[in-house]
Every structure is written in C-alpha cells, then in structure tokens.
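Here's the letter readout for the chains.
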Amino acid sequence: MNASELKVEAARAALAHVGDGMRLGIGTGSTAEAFVRLLAEKVAGGLTVIGVPTSERTAALCLEVGVPLSTLDDTPELDLTIDGADEIDPDLSLIKGGGGALLREKIVAAASHRMIVIADASKIVDTLGRFPLPIEVNKFGLRATELAIAAAAENLGLSGPVALRMTGAAPFVTDGGHFILDASFGRIPDTRALSNALHAIPGVVEHGLFIGLASAAIVAGSDGIKTVHAR
Ligand SMILES: O=C[C@H](O)[C@H](O)[C@H](O)COP(=O)(O)O
C-alpha cells in the first residue's frame, strides 16, 4: 500500500470510535480529508453527528460531501476530535501545522474530551523535529518575532533556519489572518521547554507542538493498523 492508501486505512479505523450523536472536531490535511469522505458515507447511511471543522478547507469539503457542521461557538464542547499529524512521538506529542491549520486545530482539540490522531507510519519518530516546526505569528513585527524565536531557541541549544512560508510569490496566510514561520531546529529533546519559550513571545500566536492533547494514535503501516494510547 502507498502512503495515500495507508492514510485511508487509518481514517477507516478511526470511524469505529465515532458514535451516533457525537459532536466531532474534524481535522485538516490529506488524512483528515480521507476521514471526512468516509464519515460522509456513514452520515448518508443514517449516522447522526455534528462536526466542527478546523479550517475553511475542511469546512468546504464537509459541505461538499454532506457532513453537517456547527461552529465552536454554538458547540463549544466536543466529544472527539479526529485529526492528522506531521509527526508523532512515543508520548503522543505531535508536530502539526504542515497545512497551516494548527491554531484552529489546537483550539478544537483542546475543546474535545478526546483527540485521536490518524496517520500513516511514516509520521512516527523517536524525537520530534525532523519536520520543520510551524509557528503561527502575527503579521505585525514579523522580523522582531523571528529574532525572538531564534533567541529563544538558542537558549535551549536549538538553532536552524526559520523560513516564512510562501504560496508562490506571496506569504501564506492562515485562516486567522496570520503568517507561518517554519523552524528547522532539528530534533527537539525538550518540547515542553520550547513550547513555553515560544508562548512567551508576544508575536507568536501559536505553535505546532501539540503536547498532552492526543489520547490515541491510529497508525497504518505495511504490517497493519496499530493503535497507540497516551501513557
Ligand atoms: O495544518 C495541517 C495539519 O496539522 C495536518 O493535520 C498535518 O499537516 C498532517 O497533514 P496530512 O494528513 O496531509 O499529512
């Protein structure tokens, strides 16, 4: 099976955790999209759920395939969020934001009783940081925020390029109207310390380290599906 097929298998396995009447956070990215398409089949078959999407992109897909939607304002408490990830470590800490949706994804995950991550096995790492860390920043003071991020990283013994994410010739803009800086710091041994240091920088809106949010990960590999639970 190729990576796309494995993503579909992980998404299919996650459906077993979706019960009738659930309030669902619905993630962003190719794996989450596979989940939305499978969920839509269940909804067409009579399953009743209400979804809160984590991006405009996911909202558009849900509307297209017939998954009923709410907002976090109208449905502020969710039973379960299903979302993809860019990296997953053995503690189920994650890097997310490769698709630029990390802020809404984190808000939705935090509003959920449980978060199940779905992924193909290539996303599993021993230590987070192979994938550049997405950091969502306010447009105002971009250069100053970049310098502050580099200084905070250096204090923790981390360094590396911090690149403004682009879409063609223009900076990528998130659903919240912010920019994304992709930080290639390499492996991050102390994710909590980096998380705290980034949160202390005024221009940082949010970052893609998800610590203590995932309850389980459903990972599809060539040897089948494995479900890893948070310790
Ligand atoms: O911002 C995007 C999200 O965090 C995605 O869930 C993440 O990038 C994984 O995406 P994919 O399932 O396409 O690998």
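Residues numbered from 1 in each chain as written. Predicted model: local features only at pLDDT ≥ 70, side-chain atom pairs only at ≥ 80, totals over all residues. Heavy atoms only, no water.

### Observations regarding the sheet that holds strand S12 (residues 204-207)
- Strand order in the open sheet formed by four strands is S8-S11-S7-S12, and the pairing between neighbours is antiparallel. Every other strand in the sheet has two partners, leaving strand S8 (162-164) and S12 as the edge strands with one partner each. Here the strands of the sheet are splayed against their neighbours by 30 degrees on average, with no regard to which way each runs.
- Pairing analysis gives three bridges linking S8 to strand S11 (residues 179-183), with the strands arranged antiparallel. Opposite Val162, over in S11, you have Ala183 as the bridge partner.
- Where helix H6 (residues 191-199) meets the sheet, it contacts strand S7 (133-137) and S12, and its direction lies at approximately 160 degrees from that of S12. (Pairing = 2+ DSSP bridges. Helix = DSSP H or I, 4+ residues; strand = E, 2+ residues; numbered from the N terminus. Axes fitted to C-alpha atoms, helices over the stretch in contact; angles between N-to-C directions. Contact = heavy atoms within 4.5 Å.)

### Brief notes about the packing of aromatic side chains
- The final tally for this structure, using the stated rule, is zero aromatic pairs.
- Of note, Lys96 hangs over the ring of Phe210, and the distance from its end group to the ring centre comes to 5.6 Å.
- Its end group placed over the ring of Phe172, Arg165 keeps NZ or CZ at 5.6 Å from the ring centre. (Phe/Tyr/Trp six-rings, centres within 6.5 Å; stacked < 30°, edge-to-face > 60°. Lys NZ or Arg CZ within 6 Å of the ring centre and 35° of its normal.)

### Digging into the UniProt feature "active site" (unreviewed entry) in the chain
- The residues that UniProt annotates with the feature "active site" (unreviewed entry) are Glu105.
- With respect to the helices, strands and loops of the structure, Glu105 is situated in helix H4 (residues 102-110).
- If we ignore the near neighbours within four places in the chain, the residues touching Glu105 are Gly27, Thr28, Thr54, Asp83, Lys96, Gly97 and Phe210.
- Within the structure, the side chain of Glu105 is placed 3.4 Å from the backbone nitrogen of Thr28, a separation counted as a polar contact. (UniProt positions renumbered as here; feature names shortened; annotations may be inferred. Polar contact = N/O pair within 3.5 Å; in protein donor to acceptor, adjacent residues only side chain to side chain.)

### Brief notes about the nonpolar core
- Core analysis: the biggest nonpolar cluster contains 28 residues, and Val18, Leu24, Phe35, Leu39, Val49 and Ile118 have the highest contact counts within it.
- Discounting chain neighbours no more than four positions away, the residues touching Leu39 are Leu15, Val18, Leu24, Ile26, Leu47, Val49 and Val67.
- Formed by 22 residues, the second largest nonpolar core is a distinct cluster that contains Val125, Phe179, Ile188 and Leu209. (Core = buried A, V, L, I, M, F, W, Y, C linked by side-chain atoms within 4.5 Å. Buried < 20%, exposed > 50% of the residue type's maximum accessible area, 1.4 Å probe, protein only.)

### Description of the environment of Glu77
- When you line up the elements, Glu77 lands in the loop between helix H3 (56-65) and strand S3 (78-83).
- On the basis of relative accessibility, which here comes to 41%, the residue Glu77 falls in the partly exposed class.
- C-alpha of Glu77 to C-alpha of Arg23: the two residues are 54 residues apart in sequence and 7.7 Å apart in space.

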